[in-house]
Amino acid sequence: MVELVNIHFSRVLIKGFYNALDIGDTLLDMTFLADGGREVSTASLQGQKLVLYFYPKDNTSGCTAEACDFRDSLKDFNNANTTVIGVSRDSVRKHDNFKAKNNLPFQLIADEGGALCDLFGVWKEKKLYGRTYMGIERSTFLINETGVLCEAWRKVRIKGHVASVLAASQAL
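These lines cover the structure that appears in this document, whether it is placed above or below. Keep in mind that what you see is a predicted model, and the values were worked out from it rather than measured. (Residues numbered from 1 in each chain as written. Predicted model: local features only at pLDDT ≥ 70, side-chain atom pairs only at ≥ 80, totals over all residues. Heavy atoms only, no water.)

## Description of the nonpolar core
Ranked by size, the top nonpolar core spans 22 residues in total, and within it Leu52, Phe54, Leu116 and Phe120 carry the most contacts. The set of elements that each furnish at least two residues to this core consists of β2 (27-33), β4 (49-54), β5 (82-88), α4 (115-119) and β9 (139-143). If sequence neighbours within four positions are ignored, Leu52 has contacts with Ile85, Val87, Ile109, Phe120, Ser139, Thr140, Phe141 and Ile143. Within the second largest apolar cluster, 20 residues are counted, among which are Tyr55, Ala67, Leu74 and Val165. (Core = buried A, V, L, I, M, F, W, Y, C linked by side-chain atoms within 4.5 Å. Buried < 20%, exposed > 50% of the residue type's maximum accessible area, 1.4 Å probe, protein only. Helix = DSSP H or I, 4+ residues; strand = E, 2+ residues; numbered from the N terminus. Contact = heavy atoms within 4.5 Å.)

## Overview of the pattern of salt bridges
Considering all chains together, one arrives at five salt bridges under this definition. Notably, a salt bridge pairs Asp35 with Arg38, separated by 2.5 Å at the nearest N-O pair. Judged by relative accessible area, which is 40%, Arg38 ranks as partly exposed. A single salt-bridge network, built from bridges that share partners, covers Asp35, Arg38 and Lys99. (Salt bridge = Lys/Arg side-chain N within 4 Å of Asp/Glu carboxyl O.)

## Topic: the pairing of strand β6 (residues 107-110)
Note that β5 and β6 share four bridges and pair parallel. Note that in β6 the partner of Gly86 across the bridge is Leu108. In this region the chain leaves β5, passes through helix α3 (residues 92-102) and returns to the parallel neighbour β6; the handedness of that crossover is right-handed. (Pairing = 2+ DSSP bridges. Right-handed = clockwise from strand over helix to strand, strands pointing away.)

## Describing the side chain of Asp25
Here Asp25 is to be found in the loop between β1 (4-9) and β2. In this structure the side chain of Asp25 is engaged in a polar contact, spanning 2.8 Å, whose partner is the backbone nitrogen of Asp22. (Polar contact = N/O pair within 3.5 Å; in protein donor to acceptor, adjacent residues only side chain to side chain.)

Structural data, given as structure tokens:
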């Protein structure tokens with residue numbers, strides 16, 4: 001199964017390696033595998049703002065709280081012409097279960113191979129209880145209607161975060 005069908009972006013370096021996207025970079029023609037096995041493309045989102053929020057793992061307390069905060073504010077995001085999409089390295093099946101369990105009305109991208117995490121620079125070394133490991137750094141990105149990355153929140157703390165993202169989206 002292919003988790004990232006097609007990806008093009010503005011910051012390509014020698015031999016096909018790339019830097020993580022920065023504010024002002026343009027996100028182009030990307031197609032992802034999401035919950036339900038559906039493909040989601042950025043081309044289908046043209047003319048809408050996009051919130052991509054990256055979270056470590058389905059069905060953990062922090063990730064569930066963040067997803068439910070986005071769910072509870074989705075009407076306000078829709079009124080601001082903003083689509084919300086969650087991203088983790090969990091499988092489509094895990095996303096389907098997480099989505100159903102928490103009544104999440106937005107799509108969840110299954111970035112199992114980590115290409116999207118790498119593109120946004122969220123795959124980081126983490127430390128917990130003296131153990132070092134690689135994982136997703138909770139982060140959120142706001143992309144405008146023309147595909148330009150406008151805002152980035154890294155090392156996100158959940159409390160009040162969704163309200164900050166919504167305010168930035170409404171201000172665009």
